[in-house]
Amino acid sequence: MSMPRAHLRPTGPSKGAVHLVHLYPREMSIYGDLGNTRCLAARIVRHGYECVVHDHHPGADFPEQAHLLMGGGGQDSGQSRVEADLEAIAGRLRALAGDGVPMLMICGMYQMFGHAFITHDGVELPGLGILDVTTRGQSTRMIGGIVLDTDFGEVVGFENHSGATVLGTGQAPFGRVRAGHGNNGTDGTEGARTANVIGCYVHGPILPANPAVADGLIAAAVERATGRAFEPAQLDDALATQARTRQIARLLRAGA
Amino acid sequence: MTVPAAEARVWGVLRTTAAILAGKATRYAARLRGGGSAAPGLVAERIDPRLLAHTLSSLPLGVVVVSGTNGKTTTTKMLAAIVRAHGIRVFTNPTGSNFTRGVISAMLPEVSPTGRLAADVAILELDEWHALQFAKVVTPTHALLLNVARDQLDRFAEIDTTARLLATLAAATSSSVVLNRDDAFVARIAAGLPDGVEVRYFGVDPLATDVPALHEADVRFGDELVVPDPTPRDGLLHPQDARDFEIRFGEQAVGPVRLHQRGLAAMINATAATTAAQALLGRDFRPEAAIEALRAVRPPFGRGEVIVVDGQPLELVLVKNPAGFTVALGTYGAEPVPTMIAINDDYADGQDVSWLYDVSFESLRSQGVAMCSGVRGYDMALRLSYDDVPVDAVELDLQAALDRFTAAYPGSPKRLFCTYTAMMSLRRTLAARHGLAQFGEEDA
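Right, let's walk through the structure included here. Owing to the predicted nature of the structure, the values given are computational and were not obtained by experimental measurement.

What counts, and where the lines are drawn
- Residues numbered from 1 in each chain as written.
- Chains lettered and ligands numbered in written order.
- Predicted model: local features only at pLDDT ≥ 70, side-chain atom pairs only at ≥ 80, totals over all residues.
- Helix = DSSP H or I, 4+ residues; strand = E, 2+ residues; numbered from the N terminus.
- Rg over C-alpha atoms; globule rule 2.2 N^0.38 Å.
- Contact = placed C-beta atoms within 7 Å.
- Pairing = 2+ DSSP bridges.
- Axes fitted to C-alpha atoms, helices over the stretch in contact; angles between N-to-C directions.
- Parallel < 35°, antiparallel > 145°, perpendicular 65-115°, else oblique.
- Left-handed = near helix turned anticlockwise from the far one by under 90°.
- Nonpolar A, V, L, I, M, F, W, Y, C, P; charged D, E, K, R; others polar.
- Core = buried A, V, L, I, M, F, W, Y, C linked by C-beta atoms within 7 Å.
- Buried ≥ 20, exposed ≤ 12 C-beta atoms within 10 Å, placed from the backbone.
- Domains from an automatic or database assignment.

### Quick word on the overall build of chain A
Then, number 1: For chain A, the helix and strand inventory stands at seven helices and 13 strands.
Then, number 2: At 17 Å, chain A has a C-alpha radius of gyration in line with the 18 Å of a compact globule built from 256 residues.
Then, number 3: Taking the principal axes of the C-alpha coordinates as reference, chain A spans close to 55 × 45 × 30 Å.
Then, number 4: Pairs at least 24 residues apart make up 72% of the contacts formed inside chain A by residues separated by at least 6 positions.

### Some details on the interface of chain B and chain A
Then, number 1: Facing the 23 residues of chain B at the interface are 29 residues of chain A.
Then, number 2: Residue assignment for the side of chain B that touches chain A shows that the elements contributing at least two residues are helix 7 (153-156), helix 8 (159-171) and helix 13 (377-385) of chain B.
Then, number 3: At five residues, helix 13 of chain B tops the list of elements feeding residues into the side of chain B that touches chain A.

### Things to note about the sheet that holds strand 1 (residues 6-8) of chain A
Residues and elements named next belong to chain A.
Then, number 1: With respect to topology, seven strands assemble into an open sheet ordered 1-3-2-4-5-13-12, the strand pairing being mixed. Each edge of the open sheet carries a strand with a single partner, namely strand 1 and strand 12 (192-194). Within the sheet, the average angular offset between the axes of one strand and its neighbour, ignoring direction, is 15°.
Then, number 2: Examined bridge by bridge, strand 5 (residues 103-106) and strand 13 (residues 197-200) share four bridges and lie parallel to one another. Opposite M103, over in strand 13, you have V197 as the bridge partner.
Then, number 3: Along the sheet, helix 6 (residues 211-226) makes contact with strand 2 (17-23), strand 4 (68-71) and strand 5, crossing strand 2 at roughly 125°.

### Thoughts on the packing of helix 4 (residues 72-84) of chain B against helix 11 (residues 287-296) of chain B
All names here are of chain B.
Then, number 1: Remark: helix 4 packs on helix 11, axes separated minimally by 8 Å, with the N-to-C direction vectors making an angle of 135°. Between helix 4 and helix 11, the crossing angle belongs to the class labelled oblique. As helix 4 packs across helix 11, the resulting crossing turns out to be right-handed. From helix 4, M78, A81 and I82 reach across to helix 11, where they touch A289, A290, A293, L294 and A296.
Then, number 2: Of the residues contributing to the contact of helix 4 with helix 11, the split by class is eight nonpolar, no polar and no charged.

### Overview of the sheet that holds strand 2 (residues 90-92) of chain B
Residues and elements named next belong to chain B.
Then, number 1: Ordered in space as 2-3-1-4-5-6-7-8-9, the nine strands form an open sheet in which the pairing is mixed. Pairing within the sheet leaves two strands with one partner each, and these edge strands are strand 2 and strand 9 (252-258). Ignoring which end each strand starts from, the neighbouring axes of this sheet average 15° apart.
Then, number 2: In this structure, strand 7 (residues 235-239) lies alongside strand 8 (residues 244-249), joined through four bridges in antiparallel fashion. Opposite H238, over in strand 8, you have E246 as the bridge partner.

### Observations concerning the environment of B:V297
Then, number 1: Among the secondary structure elements, B:V297 is positioned in the loop between helix 11 and strand 10 (303-309).
Then, number 2: Leave out the neighbours within four places in its chain, and B:V297 touches B:K77, B:M78, B:A81 and B:H260.

### Observations regarding the nonpolar core
Then, number 1: By size, the foremost hydrophobic cluster in this structure holds 189 residues, and its most contacted members are A:L40, B:V64, B:I82 and B:L145.
Then, number 2: The residue makeup of this core includes at least three contributed by each of domain 1 (5-296) and domain 2 (303-434) of chain B.

Here is the structure:
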């Protein structure tokens, strides 16, 4: 039985408890991915809900309740350490995804949520197949600021990946690239989205500066956790707005 | 057609001479313009790529390379000071210009037109990538490897890659390698070294208590690292209190020492420098000389440097990665003072500000942060909001922010955490107003 890392409570009465699971925080959370978990937990509480934060480590039992999942980027050594566990919990993850549980998978975990990763030397490593994407290892990295148009509005962040990802026929992207490389630097797509599962290359981390994405994920998680529609509180996002709009303006100006 | 050997030799000397003269001329021109420190090196390097090899390989005590993520500048300065205190002439790159070109730029004013350097040993600070490029041209006799932390991942891509750069540098070193026994990425390098290369370690004494964790957790717990028990050639740090410490080599102790620079990180740098000095000097190493040198060495600019502004100390602290920022907050957290944080995202700062989310800012919660600045000042303020740290103001323009910050707290000591280019810019402003040493003119 797995123990949650933290149980955070709002200052006022609780509107319900959301269980947030961070997949492989030791192996797959380089590049500040922890910031996404921190942001989700803080916003859930600020919206008036309790947040139970679980860290899922390789070999551990998967938490019984999971309303929202977060996974991050890692190095090759980190990825190889989670492969066996990912295979073990694959059935559970597919069922949760099919059931509409919101998930945010960044970079390395985005790739592993796809069909396959094909290495430089042509070795094909199977993924979970939750997102219909295929990634090929390349020798040059795609690095730099990135701006997208998404269903949540403009999104800004920083990409840093050597894998080039191609969407399968009918797979929706997470967004359209306005500045930066995106999935592969050629087709103008970035990330992938199926129902409430989002995979993408946007670090930064993505959620603090793009709170609309965070609240979109939280809304779906709350509905699942409480059976009721999300009742958001009015949060002050002035700093996020400043950080996001200024960075978007800089990147679009540089790309113009 | 073959070129006769003598003619080739003459041509080689001429080429070197041309390179040095061209570099010197550029240096002179750059000084007139008040320009950057690496430009003259670039010119000389283009003319004779072997200039470095030619000049440095003739030094009698060899070439020491100091590399790693955090503490290079401070440690290099300490090591050079200790070695100089033994009456040895040291060539070093004190301007923090830690690329190959920077080394050549530093060399130009001290080298004769035939490429002779008036020094016994070179002690050079090089970042991980440039250290490796350097080693392809000049074989280091000694390497001092400090740590591997997440730094500028947009440049080095991955921490494993950075660790491999250091391992390759160590394998190219001819005489001795000094490794951090507390950093798994660095300590592991010993296993891959050729026979005949001496390995020494520095670190915090395992028996010393109340020492916070300083290094990145190594996620590859699969291959358990075994560091050999310390020998009398390994330097171990014994902090006595917040300021005083000694460095023990078996029964022999170097200390007590109190540095100008505060904090555990500086003590560890002193331990690294002293261990490397022993490796370099062997039996000639004198503890009293090392103690005296360490006591006298001033923090390099921007690394805990204190500038007096309107009669109050303003502490300038360079932060560039999660490990460094965490250590800095731990070092200064016990004495809260009005604080400003300036975050830029140029190449030298790291373009991805994600790393700010791998630092805990809770120690600033009670005092709050008076000012966030730099190009990514709003991202910094946003980050602090997620640790419930109150922020009084955001002003992206560095000079305007500095003015508002110093004016708001006239009667109090102050602290300024900043990334590299923000530090360079702020220090230029402070230097113009308060008459500090100019870049490149710092006492060696």
